[in-house]
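Architecture and fold: a report
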Amino acid sequence: MENEIKPNKVVDARGSFCPGPLMEMIKAYKEAKVGDVISVYSTDSGTKKDAPAWINKSGNELIGIFDRTGYYEIMMKKVK
Amino acid sequence: MSSKILILGDGASGTIMANKLRFLIPREDADITVLGNSPMHYFKPDGIHIPFGLKMPRDSVKPAKMLFNYGINYVQDEAVKIDVNNRKVNGKSGKEYDYDYLIIGTGDRYTPEDIPGYAESALHFYDYNSSIKLRDALNNFKGGKIVIGPSSIPYQCPPAPYEFTFQLDQYLRNRGIRDKTEIHYTYPLNRAFTIANVSEFVEKYFEEKGIILHTLFNVESIDAKSKKVNSLEGESVDYDLLVLIPPHRGQQFITDSGLAGPSGFIDVDRYKLNYGNFDNVFALGDATNLPVSKAGATAHFQSEYLANRIAHEISGDVYFESYDGAVACTTVTGPGEAITLYFTYERPPRANFNSKMDYLLKWTSADTYFSGMVRGIM
Ligand SMILES: Cc1cc2nc3c(=O)[nH]c(=O)nc-3n(C[C@H](O)[C@H](O)[C@H](O)COP(=O)(O)OP(=O)(O)OC[C@H]3O[C@@H](n4cnc5c(N)ncnc54)[C@H](O)[C@@H]3O)c2cc1C
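Presented here is a report on the structure given in the accompanying data block.

1. A closer look at the state of the cysteines
Residues and elements named next belong to chain B.
- Counted under the stated rule, the structure contains zero disulfides over all chains.
- Of the cysteine sulfurs around C157, a residue in no disulfide, the closest is that of C329, at 4.9 Å.
- Residue class for C329 comes out buried when judged on its relative accessible area of 6%.

2. What to know about unusual backbone geometry
Residue and element names in this part refer to chain B.
- The peptide bond linking I153 to P154 adopts the cis configuration, its omega dihedral lying at 10°.
- For P154, the location among the structural elements is in the loop between strand 11 (144-150) and helix 4 (160-174).
- A positive phi angle, near 50°, is found at L216, a position not held by glycine.
- For L216, the position within the fold is in the loop between strand 13 (211-214) and strand 14 (219-223).

3. A short note on the pattern of salt bridges
- A complete count under the given rule lists 18 salt bridges over all chains for this structure.
- D50 of chain A serves as the salt-bridge partner of R191 of chain B, at 3.2 Å between the closest nitrogen and oxygen. Here the residue R191 of chain B occupies a position in the loop between strand 12 (181-186) and helix 5 (196-209), and D50 of chain A occupies one in helix 2 (residues 47-57), the pair thus bridging two chains.
- Two residues, K145 of chain B and D238 of chain B, come together in a salt bridge whose shortest N-O distance is 2.8 Å. Taken together, the residues K145 of chain B in strand 11 and D238 of chain B in strand 16 (residues 236-238) connect sequence positions 93 residues apart.
- Bridged by salt links that share partners, the residues D169, R173 and R178 of chain B form one connected network.

4. Digging into the sheet that holds strand 3 (residues 61-68) of chain A
Residues and elements named next belong to chain A.
- The strand order 1-2-4-3 describes an open sheet built from four strands, whose pairing is mixed. Across the chains shown, the open sheet's two edge strands, defined by having one partner strand only, are strand 1 (9-12) and strand 3. Going across the sheet, the axis of each strand differs from the next one's by a mean of 15°, ignoring polarity.
- As judged from the seven bridges shared by strand 3 and strand 4 (residues 71-77), these two strands associate in the antiparallel manner. When the bridges of strand 4 are listed, F66 appears paired with E73.
- Against the sheet, helix 1 (residues 20-31) contacts strand 1, strand 2 (37-42) and strand 4, and its axis sits at roughly 160° relative to strand 2.
- Of the strands in this sheet, strand 2, strand 3 and strand 4 are in contact with helix 2, which crosses strand 4 at around 0°.

5. Some thoughts on the side chain of T194 of chain B
- As for its placement among the helices and strands, T194 of chain B is situated in the loop between strand 12 and helix 5.
- Residues in contact with T194 of chain B, not counting those within four places in the same chain, are C18 and P19 of chain A together with I153, P158, Y187 and L189 of chain B.

6. Notes on the site of the ligand
Residues and elements named next belong to chain B.
- As a matter of local geometry, the ligand sits amid 31 residues, with D10, S13, N37, S38 and K362 nearest to it.
- At 2.8 Å from an oxygen atom of the ligand is found a main-chain nitrogen or oxygen belonging to A297.
- K362 places a polar side-chain atom, nitrogen or oxygen, 2.8 Å from an oxygen atom of the ligand.
- For the ligand, the protein covers 91% of the area, taking 1,000 Å² as the surface of the free molecule.
- The set of elements that each furnish at least two residues to the shell around the ligand consists of helix 1 (12-24), strand 2 (30-36) and helix 7 (296-314).
- By residue class, the composition of the shell around the ligand is eleven nonpolar, 13 polar and seven charged.
- Two domains each put at least three residues into the shell around the ligand: domain 1 (3-107 + 251-325) and domain 2 (112-247).

7. Comments concerning the interface of chain B and chain A
- Taken together, the contact between chain B and chain A spans 15 residues of the former and 16 residues of the latter.
- When the buried area of chain B at its contact with chain A is split by residue, L216, L232 and E233 of chain B rank highest and sum to 36% of it.
- For the pair chain B and chain A, the number of links is two salt bridges.
- Scanning the region where chain B abuts chain A turns up six residue pairs in polar contact (both at pLDDT 80 or more).
- When the residues that make up the side of chain B that touches chain A are grouped by side-chain class, the tally is seven nonpolar, four polar and four charged.

8. Observations regarding the pairing of strand 11 of chain B
All names here are of chain B.
- Of all seven residues that make up strand 11, seven are buried, and the element is covered over most of its length.
- Judged from the five bridges that link them, strand 11 and strand 12 form a sheet pairing that is parallel. Within strand 12, the position partnered with V147 by the bridge is H184.
- Handedness of the crossover is the feature at issue here: the chain leaves strand 11, passes through helix 4, returns alongside strand 12, and the resulting connection is right-handed.
- Across five bridges, strand 11 lies against strand 17 (residues 241-245) in parallel orientation. In the sheet register, V147 faces strand 17, and the bridge partner there is L242.

9. Looking at the packing of aromatic side chains
- Enumeration according to the criterion identifies 26 aromatic pairs over all chains in this entry.
- Centre to centre, the rings of F125 of chain B and Y126 of chain B are 5.2 Å apart; their planes meet at 70°, and the pair counts as edge-to-face.
- Overall, Y126 of chain B belongs to the buried group, its relative accessible area being 6%.
- Centroid distance Y162 of chain B to F193 of chain B: 5.4 Å. Interplanar angle 80°. Geometry classified as edge-to-face. Here F193 of chain B lies in the loop between strand 12 and helix 5 and Y162 of chain B lies in helix 4, a separation of 31 residues in the sequence.
- On the basis of relative accessibility, which here comes to 3%, the residue F193 of chain B falls in the buried class.
- These aromatic residues form a ring-pair network of at least three members: Y155, Y162, F166, Y185, Y187, F193, F201, Y205 and F206 of chain B.
- Lying across the ring of Y72 of chain A, K48 of chain A places its NZ or CZ 4.7 Å from the centre.
- Across the ring face of W363 of chain B, the terminal group of K55 of chain B is positioned such that the distance to the ring centre comes to 4.5 Å.

Quick notes on the rules
- Residues numbered from 1 in each chain as written.
- Chains lettered and ligands numbered in written order.
- Predicted model: local features only at pLDDT ≥ 70, side-chain atom pairs only at ≥ 80, totals over all residues.
- Heavy atoms only, no water.
- Disulfide = S-S within 2.5 Å.
- Buried < 20%, exposed > 50% of the residue type's maximum accessible area, 1.4 Å probe, protein only.
- Helix = DSSP H or I, 4+ residues; strand = E, 2+ residues; numbered from the N terminus.
- Salt bridge = Lys/Arg side-chain N within 4 Å of Asp/Glu carboxyl O.
- Pairing = 2+ DSSP bridges.
- Axes fitted to C-alpha atoms, helices over the stretch in contact; angles between N-to-C directions.
- Contact = heavy atoms within 4.5 Å.
- Near = heavy atom within 4 Å.
- Polar contact = N/O pair within 3.5 Å; in protein donor to acceptor, adjacent residues only side chain to side chain.
- Areas by Shrake-Rupley, 256 points an atom, 1.4 Å probe, with all protein chains shown as cover.
- Nonpolar A, V, L, I, M, F, W, Y, C, P; charged D, E, K, R; others polar.
- Domains from an automatic or database assignment.
- Buried area = accessible area lost by both parts, 1.4 Å probe.
- Right-handed = clockwise from strand over helix to strand, strands pointing away.
- Phe/Tyr/Trp six-rings, centres within 6.5 Å; stacked < 30°, edge-to-face > 60°.
- Lys NZ or Arg CZ within 6 Å of the ring centre and 35° of its normal.

The structure is reproduced here in structure tokens:
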């Protein structure tokens with residue numbers, strides 16, 4: 001269950017437009033340690049496409065995209 | 001009783017705000033003081049023309065003090081600390097300035113030090129001296145591989161790097177060395193521009209002109225010796241000439257004063273532009289953390305709201321308008337052609353059609369800026 005994973009860092013980018021949420025995620029990634037889990041909350045539909053593309057290209061791991069009430073959560077793991 | 005309005009910054013935001021306020025408020029009702037540390041006011045949009053010898057740099061600058069209307073107290077001093085609780089600002093000169101209203105328009109600063117290897121290897125067109133240096137480098141360029149891109153987001157005027165690239169393509173053709181040159185464009189997102197529909201036409205143009213696009217490229221370091229620029233995402237591109245927009249942050253004294261985190265950009269209300277719970281402290285232009293383009297046009301629309309609001313308050317009225325996220329952008333799309341994009345928080349930009357008229361608008365923008373916009377007339 002996704003709820004069993006507890007992120008080490010949560011970035012609340014709700015209300016921020018593209019590319020805000022993705023840039024916030026990259027900032028959190030730079031500050032995180034390998035193995036850390038980062039969650040980004042976003043209300044911008046574009047992030048659903050942009051964030052996984054970035055996670056994939058940068059060789060990190062997408063844990064999942066979860067619909068929440070009024071927003072969605074993108075969870076990633078820093079693997080490098 | 002007369003109010004004290006203190007404006008920090010003598011760029012687009014500070015100058016437009018001061019001039020608009022002076023038009024709207026009688027002198028006996030408010031003192032307007034501007035602190036600034038740029039004796040010369042440079043019109044940055046000309047950075048896409050100067051490197052190609054299309055504009056003489058001297059036409060893009062004016063003495064800052066000539067741009068303030070009568071009745072504005074313009075002081076050459078640098079703000080070093082803001083104390084919002086006690087309504088005070090300290091200047092580098094040792095002077096202390098108190099205020100009833102504080103307007104922060106100190107823009108952003110470039111932080112090439114955030115990228116190892118930047119200083120030894122990269123050129124850019126984001127300030128006066130760098131644009132001239134790049135012009136000279138291009139003059140000596142005989143062919144090879146040019147890599148262009150913003151190192152990260154945010155950066156000023158999001159279209160500027162692709163506008164520069166369109167102009168570069170034409171410049172190299174005019175010089176007869178386009179066939180000896182590869183142009184590579186890097187971008188931090190998974191497309192060529194922040195906004196998807198504008199991206200489509202940029203990418204189409206890149207394809208037509210043989211410009212190679214590298215997406216999801218956030219610059220991490222540069223290896224000056226082997227002439228390679230490396231991304232956070234693990235890609236490396238080699239270059240002969242590197243045109244890289246340096247990372248941007250807000251001013252250090254903003255962070256030191258506790259008004260922002262390490263990024264230096266101030267969180268303000270997106271509609272009212274006030275900082276935190278203070279209804280007398282505002283920021284506009286590049287200094288804010290708002291999800292809008294860092295553009296002179298943004299500062300212009302914000303000042304429209306903010307100057308009116310403050311003038312209404314001082315005269316005992318209420319102003320019901322707010323800033324709607326308006327940004328307008330005239331962007332060069334090819335030789336002698338441009339389009340104008342207009343958007344707000346709610347309305348995405350429409351990229352309609354190229355026109356020569358828009359190019360003329362862009363070409364003459366330094367004149368309209370210095371003679372109208374920055375003086376608070378428009
Ligand atoms: C290449 C390029 C092309 C561009 N093209 C366009 C375009 O086509 N259209 C558009 O709308 N915008 C464009 N822009 C963006 C536009 O120039 C900026 O967004 C605009 O200048 C922002 O105005 P500002 O006053 O907020 O910041 P600035 O113009 O940077 O002004 C800040 C001022 O504050 C002063 N300052 C800083 N710290 C202090 C301190 N501690 N105390 C006192 N003073 C201080 C600085 O000296 C400066 O004068 C472009 C920018 C570039 C680089």
